[in-house]
2 protein chains.
Amino acid sequence: MYSTMQDVPLTVSRILRHGSTVHGGSAVTTWTESGPERRSFAQIGTRAAQLAHALRDELGVAGDQRVATLMWNNSEHLEAYLAIPSMGAVLHTLNLRLPADQLCWIVNHAADRVVVVDGSLLPLLAPLLPRLESVEHVVVSGPGDTGLLKDCRARVHDYEQLLAGRPTGFDWPDIDEREAAALCYTSGTTGDPKGVTYSHRSVYLHSMQVLSAESFGLSSADSVLPVVPMFHVNSWGIPHAAFMAGTSMLMPDRFLQPAPLVEMIETERPTVAAAVPTIWQGVLAELDAGGRDTESLHTVVIGGSACPPAMMKAFDAHGIRVVHAWGMTETSPLGSLAHPPGGLTEEEEWPYRISQGRFPASVEARLAGPSGEIMPWDGESTGELEVRGPWIAGAYYGGADGSLLRPEDKFSEDGWLRTGDVGRITPDGYLTLTDRAKDVIKSGGEWISSVELENHLMAHPDVAEAAVVAVPDDKWGERPLATVVLKDGKGADYEELRAFLAERVARWQVPERWSVIEAVPKTSVGKFDKKVLRRQYAEGALDVSEL
Amino acid sequence: MYSTMQDVPLTVSRILRHGSTVHGGSAVTTWTESGPERRSFAQIGTRAAQLAHALRDELGVAGDQRVATLMWNNSEHLEAYLAIPSMGAVLHTLNLRLPADQLCWIVNHAADRVVVVDGSLLPLLAPLLPRLESVEHVVVSGPGDTGLLKDCRARVHDYEQLLAGRPTGFDWPDIDEREAAALCYTSGTTGDPKGVTYSHRSVYLHSMQVLSAESFGLSSADSVLPVVPMFHVNSWGIPHAAFMAGTSMLMPDRFLQPAPLVEMIETERPTVAAAVPTIWQGVLAELDAGGRDTESLHTVVIGGSACPPAMMKAFDAHGIRVVHAWGMTETSPLGSLAHPPGGLTEEEEWPYRISQGRFPASVEARLAGPSGEIMPWDGESTGELEVRGPWIAGAYYGGADGSLLRPEDKFSEDGWLRTGDVGRITPDGYLTLTDRAKDVIKSGGEWISSVELENHLMAHPDVAEAAVVAVPDDKWGERPLATVVLKDGKGADYEELRAFLAERVARWQVPERWSVIEAVPKTSVGKFDKKVLRRQYAEGALDVSEL
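Note that the structure is predicted; figures quoted are calculated from it, not measured.

Quick notes on the rules
Residues numbered from 1 in each chain as written. Chains lettered and ligands numbered in written order. Predicted model: local features only at pLDDT ≥ 70, side-chain atom pairs only at ≥ 80, totals over all residues. Heavy atoms only, no water. Helix = DSSP H or I, 4+ residues; strand = E, 2+ residues; numbered from the N terminus. Rg over C-alpha atoms; globule rule 2.2 N^0.38 Å. Buried < 20%, exposed > 50% of the residue type's maximum accessible area, 1.4 Å probe, protein only. Contact = heavy atoms within 4.5 Å. Areas by Shrake-Rupley, 256 points an atom, 1.4 Å probe, with all protein chains shown as cover. Axes fitted to C-alpha atoms, helices over the stretch in contact; angles between N-to-C directions. Left-handed = near helix turned anticlockwise from the far one by under 90°. Salt bridge = Lys/Arg side-chain N within 4 Å of Asp/Glu carboxyl O. Least-squares fit on C-alpha atoms with pLDDT ≥ 70 in both. Core = buried A, V, L, I, M, F, W, Y, C linked by side-chain atoms within 4.5 Å. Domains from an automatic or database assignment. Buried area = accessible area lost by both parts, 1.4 Å probe. Phe/Tyr/Trp six-rings, centres within 6.5 Å; stacked < 30°, edge-to-face > 60°. Lys NZ or Arg CZ within 6 Å of the ring centre and 35° of its normal. pLDDT = per-residue confidence, 0-100. Arc of directions from axis to C-beta. UniProt positions renumbered as here; feature names shortened; annotations may be inferred. Pairing = 2+ DSSP bridges. Polar contact = N/O pair within 3.5 Å; in protein donor to acceptor, adjacent residues only side chain to side chain. Parallel < 35°, antiparallel > 145°, perpendicular 65-115°, else oblique.

Engineer: What is the right way to look at the overall build of chain A in this model?
Structural biologist: A tally of helices and strands in chain A yields 16 helices and 28 strands. Over its C-alpha atoms chain A spans a radius of gyration of 24 Å, differing by no more than 12% from the 24 Å that the globule rule assigns to 547 residues. Residue burial in chain A is summarised as follows: out of 547 residues, 60% are buried. Long-range pairs, those at least 24 residues apart, make up 65% of the contacts in chain A between residues at least 6 apart in sequence. Put simply, chain A shows about 20300 Å² of open surface, and 49% of that area lies on carbon and sulfur atoms.

As structure tokens, then:
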């Protein structure tokens, strides 16, 4: 029998309405050239309504048309975040770090009708415009060289002029909570980018999870600094969640260098921040130099790639607790978060803190072994992580025709997402990822973890960086090739490195093939690009010693 | 367009599966005559599966049949909480404090097929059984005088024997998240009790809210003591929420007296507790006597009725922070919760802390004035609070035929719940309730708050208790009648009391009619029963002075 509860959809407009009324006094502070600029949640609410009016009445945005943003983290981007889905359209966040070809492909695939762009990013957008077939309107926010747009086919608008004088309320339509709210493409390293559309429901539920004490634990007494870009999986859900809880936001815009970041922490005093490890490495160097007041900041959530344990300890020393998190575009992204169980000593907490953490209740997980069999949670058995839940993708966006794509290497027959990550899970539910599935070395029916070998190698005093990839082997199927970047002035002593590894992993896992390289090739988001190494090896472009 | 997210229902079985795996090591500790009894979440999970097998295979429970519980807060009750909805049946929690007639009416109205009962409560259940038409099975948990059941028409089972040897896994069925999970009747003071059925969706969403930092903020590092009974609006959602987050639970069973409560806090060291003010008043007296170690307990959520500010201050002095909450059976119950905004001094926090607090994002609120007009949030205008949201009732349970009842004094035409509470809301969204709508005195087109008059009167040194009710008045429509209970040895000086009030409220609000009474009549849950006073006045049973 159906319950007596009200049937109220979980929508972005509910978040917008709530944040701009109950938490109307909370603030969004955007860092600018000329200092911080503050706007209340109530103002964000009225400006979001004005933006929606402009998009509908002036630009003719209707139905589920896509409106793209090419923007840093700032108040105007937040207004777009809230207005576009609330009016029923679909917010498409463009990753400004993607190569031009991919950006064009994505905009055309999504059939974006409008692009809202920061003036500071016009030099990036302008050269692409002739290739963006569907874009009819460009809305420029903030100062920038609009002369770059003079030959532009699309109509050009100034963001502030577009909003000026429009009604400050909007009668947000009723929306089915399963409708798409936002679209984000993965920066996949192979094939075309894949689009994921988040639903109103998934955004809402994910926001609630971000707010739980077990996750980010944001409240109206907090102030959050999302360094992770709003074009990178919705800044891990922080903008929606913070607006839901009345958590004030400190938006760094394009000032993502260590010096301005530390300055904004000192002057604006956020309590929680979120970023990828590379950014925090630089912040750490600033802090280590001494004399900075970052006392307000008690927690930094780090994800995107694994945070080096040494970096976590270094932040601990500054009174800033690093919380490790795992997720991906397909998981909204909150997949797991590493809070240790209660009642442990600092030392006992350590293995929990450096793990990828525990799954929240809405993320079901399982490990699929080499032949697809479900592996036990014994802290030892490894398998590819598969997840299921209301904010996990079950398909990719097939384009404007509304079709859904379900490639079988990405989605299991029973609907689970294959994450492509390989790892193990302890009996108490803590995940440790060891490899990308495509980077696991399948040697004689067993898996060798390339990441484990890399971590050991990078702990050697002579080694600056190391990447291990699978290469074909007649006898074993695959064997590891170790590529190492040596520290200045160090020579290659492979026997020494082999002996070093043999003390730390099973002897059969120690690589026979070695190569010294200048630098490990990286992807656009700073991850090791092993595809390049494998190709270089196949083409004979590496100088390989076989021992 | 529909999103690419997985379509995964929000169900109680998901909470059960998650808690008993990822948080399998968390514990439920039940207080007993012979000390604490501990059970892990993993064990709760296997026993819930066994209970479901027993109910289905042995007792024949099928579909959405109702299974009632007449139980204190203990592990077995939690097993029933999780097993019954997960198998698709409906959990009906019986309030053991209701009068016998109401209990019988409720069981018959819900058509409960099974009652699971604590052995200690058999003296309450046994005399009712002949009147419980639908009950075919009685399952007795824990020791009790089963001889009381010897003439019972229903089959009698021992809980442990029923579970013993059954499979420890259950293939929980797929359930539409809008199906009923649990049924709870309001102990309304007028008319028949009204049933509210919580859906799987509402239970799940409500649990997520309980876990948010802005609400109870429970995590797996916490341990929670739900003193508020599991038959009282699902113990405010704590059992489901705690199982979702892996928060260990300390269950007081029937040991709700101050001495055992303080003893269990000392020995089991919970971090968070929840209860109604009357229970905590006694705990406070124990603490004030000194020498107790309740250091672990940092937060107590108090709801059910307003917590006297003096009591909040007294707990502060013991290092225990009282968090005020408001809700009702129809709101699951989390309606609002009083965390002050950040950055305030202790003194500045005070008006926020004694308010009913702020609404979470899923609870939309509005105030309806005397003629139904929507009142502003200016901190002064009062109106009846109306709420809307996914865990707010939109109807009452009409019975086994599946019908829904929507009395218009309870539900607005556009689907909002009329709470029957009158209050005001500040511009920053803090609610202060002043009256029950039915207790507001409508005098010459204006509202007089009876609760405000009562609070002022009870602050007078001669007055022990005071209740103010509306009585008919030829000239003004209604006027307040003040009934006061004097402290020992004090005489009635009405002019003094009128002068005392006149310094604190508008002169036209000061009552002309006064009566000294022995005690304020109370309802079964300890609230002032003003219905009785109004009847006594109408019947001329009060000795009234008119000044």
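Back to the text.
Engineer: How do you make sense of the packing of helix 14 (residues 450-458) of chain A against helix 15 (residues 494-502) of chain A when you look at a structure like this?
Structural biologist: What describes two packed helices is the angle between their axes and the distance between those same axes. Residues and elements named next belong to chain A. Contact pair helix 14 / helix 15: the axes reach a minimum separation of 10 Å and the direction vectors enclose 115 degrees. The element helix 14 and its partner helix 15 pack so that their crossing is right-handed. Listed contacts from helix 15 to Leu 453, His 456 and Leu 457 of helix 14 are Leu 497, Phe 500 and Leu 501.

Engineer: Looking at this structure, I do not really get the pattern of salt bridges. What am I missing?
Structural biologist: Pairing between side chains becomes possible if they bear opposite charge and their charged atoms approach one another. A complete count under the given rule lists 78 salt bridges over all chains for this structure. Between B:Asp529 and B:Lys531 there is a salt bridge, with the nearest N and O atoms lying 3.4 Å from each other. Judged by its relative accessible area of 29%, B:Lys531 falls in the partly exposed class. Several salt bridges converge on common partners, so that one network encompasses A:Arg39, A:Arg47, A:Glu76, A:Glu79 and A:Glu160.

Engineer: Honestly, the relation of the copies chain A and chain B in this entry has me stumped. Any pointers?
Structural biologist: With an axial shift of 0.0 Å and an RMSD of 0.1 Å, the rotation relating chain A to chain B amounts to 180 degrees. With respect to symmetry, the two chain copies, as superposed, fit the operation of a two-fold axis. When each C-alpha of chain A is compared by its distance to the rotation axis, A:Ser212 comes out closest, at 1.9 Å. The overlap is high: 100% of the interface residues of chain A also sit at the interface in chain B, so the same surface is used on both sides.

Engineer: Explain the nonpolar core here, please?
Structural biologist: For soluble globular proteins, the rule of thumb is that nonpolar side chains tend to be buried together. In terms of nonpolar packing, the biggest core is built from 176 residues, with A:Leu78, A:Phe216, A:Leu385, B:Leu78, B:Phe216 and B:Leu385 touching the most fellow members. In contact with B:Leu78, other than residues within four places in its own chain, are B:Val28, B:Ile44, B:Met230, B:Pro239, B:Phe243, B:Met249 and B:Met251.

Engineer: Whenever I open this one, the domain arrangement of chain A confuses me. Can you help?
Structural biologist: It is common to report an interface's size as the accessible area lost on association of the parts. The domains assigned to chain A are domain 1 (7-199) and domain 2 (440-546). Using C-alpha coordinates to define each centre, domain 1 of chain A is positioned 43 Å away from domain 2 of chain A.

Engineer: Please clarify how the interface of chain A and chain B should be interpreted in this entry.
Structural biologist: The interface of chain A with chain B comprises 73 residues on the first partner and 73 residues on the second. Between chain A and chain B, a total of about 5800 Å² is buried, with carbon and sulfur atoms accounting for 52% of that surface. Considering only the side of chain A, the residues that lose the most area to chain B are A:Met1, A:Thr4 and A:Gln6, jointly responsible for 16% of the buried surface there. Across the pair B:Arg17 and A:Glu364 runs a salt bridge, and its minimum N-O distance is 3.1 Å. When residues of the side of chain A that touches chain B are traced back to their parent elements, those giving at least two are helix 1 (12-21), strand 9 (194-199), helix 7 (200-211), helix 9 (238-245), strand 18 (383-388) and strand 19 (396-397) of chain A.

Engineer: Help me understand the packing of aromatic side chains, please; the structure alone is not making it clear to me.
Structural biologist: The description of an aromatic ring pair uses the distance of the two centres, along with the angle that the planes make with each other. Taken as a whole and judged by the stated rule, the model has 16 aromatic pairs over all chains. The interplanar angle of 90 degrees and the centroid separation of 6.4 Å between the aromatic rings of A:Trp105 and A:Tyr185 together place this pair among those described as edge-to-face. Of the two residues, A:Trp105 sits in helix 4 (residues 100-110) while A:Tyr185 sits in strand 8 (residues 180-186), which places them 80 residues apart along the sequence. Over the face of the ring belonging to A:Trp350 we find A:Lys313, whose NZ or CZ atom lies 4.4 Å from the ring centre. Sitting over the ring of B:Trp416, B:Arg366 keeps its end group 4.1 Å from the ring centre.

Engineer: Even after reading the chapter, I still don't get the environment of A:Trp416, so can you show me in this structure?
Structural biologist: Relative to the helices and strands, A:Trp416 is located in the loop between strand 20 (404-405) and strand 21 (417-425). Discounting residues that sit within four places of it in the chain, A:Trp416 has contacts with A:Glu364, A:Ala365, A:Arg366, A:Glu386, A:Val387, A:Arg388, A:Lys410, A:Phe411 and B:Gln6.

Engineer: Got a minute to help me understand helix 9 of chain A in this structure?
Structural biologist: Side chains three or four residues apart in an α-helix point the same way, a direct result of the helix having 3.6 residues per turn. Burial analysis of helix 9 of chain A places 8 of its 8 residues in the buried class, the great majority of the element. Buried within helix 9 of chain A we find A:Ile238, A:Pro239, A:His240, A:Ala241, A:Ala242, A:Phe243, A:Met244 and A:Ala245.

Engineer: Even after reading the chapter, I still don't get the confidence of the model for chain A, so can you show me in this structure?
Structural biologist: In low-pLDDT segments, the atomic positions of the prediction should not be examined closely. Across chain A, pLDDT averages 94, with 99% of residues at or above 70. Here the predicted complex carries an ipTM of 0.91, next to a pTM of 0.91.

Engineer: Any chance you could explain helix 14 (residues 450-458) of chain B here in plain terms?
Structural biologist: Listed as buried for helix 14 of chain B are B:Ser450, B:Leu453, B:Glu454 and B:Leu457. Buried residues in helix 14 of chain B, looked at end-on, bunch into an arc of 100 degrees, giving them a common side.

Engineer: For this particular structure, what's the right way to read the UniProt feature "domain: AMP-binding enzyme C-terminal" (unreviewed entry) in chain A?
Structural biologist: In the UniProt entry, the feature "domain: AMP-binding enzyme C-terminal" (unreviewed entry) is given for residues 452-527 of chain A. This span, residues 452-527 of chain A, is 21% helix and 33% strand, and a straight line between its end C-alpha atoms measures 16 Å.

Engineer: Please clarify how the sheet that holds strand 5 (residues 114-118) of chain B should be interpreted in this entry.
Structural biologist: Consider a sheet: its strands pair through backbone hydrogen bonds, and that pairing is either parallel or antiparallel. Residue and element names in this part refer to chain B. In spatial order, the strands read 7-6-5-3-4-8-9; together these 7 strands make up an open sheet with mixed pairing. Of all strands in the sheet, those bounded by a partner on one side alone are strand 7 (155-158) and strand 9 (194-199). Between one strand and the next, the sheet's axes are offset by a mean angle of 25 degrees, whatever the strand orientation. Sheet topology note: the strand 8 (residues 180-186)/strand 9 ladder contains 6 bridges and is antiparallel. Within strand 9, the residue paired with Thr 186 across the bridge is Lys 194. Packed onto the sheet, helix 4 (residues 100-110) meets strand 3 (66-70), strand 4 (90-93) and strand 8 and runs at close to 150 degrees relative to strand 8. Contacts from helix 7 (residues 200-211) reach strand 8 and strand 9 within the one sheet, and its direction differs from that of strand 9 by about 75 degrees.

Engineer: Would you explain the environment of A:Leu91 in this entry?
Structural biologist: Residues and elements named next belong to chain A. Here Leu 91 shows up in strand 4 (residues 90-93). Residue classification places Leu 91 among the buried positions, given a relative accessible area of 0%. Sequence-wise, Leu 91 and Cys 184 are 93 residues apart; in three dimensions their C-alpha atoms are separated by 8.6 Å. Those residues in contact with Leu 91 that lie beyond four places of it in its chain are Val 67, Thr 69, Ala 80, Tyr 81, Ile 84, Pro 85, Ala 181, Ala 182 and Leu 183.

Engineer: Whenever I open this one, the side chain of B:Ser26 confuses me. Can you help?
Structural biologist: All names here are of chain B. As for its position among the elements, Ser 26 is in the loop between helix 1 (12-21) and strand 1 (27-32). A polar side-chain atom of Ser 26 sits 2.7 Å from the main-chain carbonyl oxygen of Gly 246. Setting aside its immediate chain neighbours within four residues, Ser 26 contacts Arg 39, Ser 40, Phe 41, Gly 246 and Ser 248.

Engineer: Help me out: how do you make sense of the pairing of strand 1 (residues 27-32) of chain A in this one?
Structural biologist: It is a general feature of regular strands that their side chains alternate between the two faces of the sheet. Residue and element names in this part refer to chain A. Of all 6 residues in strand 1, 6 are buried; the element is thus mostly enclosed. Where burial is concerned, the two faces of strand 1 agree: the one with Ala 27, Thr 29 and Trp 31 and the one with Val 28, Thr 30 and Thr 32 are both buried. Bridge analysis of strand 1 against strand 2 (residues 35-40) gives 6 bridges, and the strand direction is antiparallel. Note that in strand 2 the partner of Thr 29 across the bridge is Arg 38. Between strand 1 and strand 2, which pair antiparallel and follow one another directly, the connecting turn spans 2 residues. As judged from the 3 bridges shared by strand 1 and strand 11 (residues 248-251), these two strands associate in the parallel manner. Bridge assignment links Thr 29 to a residue of strand 11, and that residue is Leu 250.

Engineer: Got a minute to help me understand the environment of A:Asp293 in this structure?
Structural biologist: Residue and element names in this part refer to chain A. Along the chain, the position of Asp 293 falls in the loop between helix 11 (277-288) and strand 13 (299-302). Along the chain, Asp 293 and Glu 263 lie 30 residues apart, while their C-alpha atoms are 9.1 Å from each other. Engagement of the side chain of Asp 293 in a polar contact is seen with the side chain of Arg 269, the distance being 3.1 Å.

Engineer: What's the story with the packing of helix 1 of chain B against helix 3 (residues 75-86) of chain B in this structure? I'm lost.
Structural biologist: Residue and element names in this part refer to chain B. The contact between helix 1 and helix 3 brings their axes to 8 Å, and the two run at 130 degrees. Put simply, helix 1 runs oblique to helix 3. Between helix 1 and helix 3 lies a crossing of left-handed hand. Where helix 1 abuts helix 3, its residues Val 12, Ser 13 and Leu 16 lie against Tyr 81, Leu 82, Pro 85 and Ser 86.

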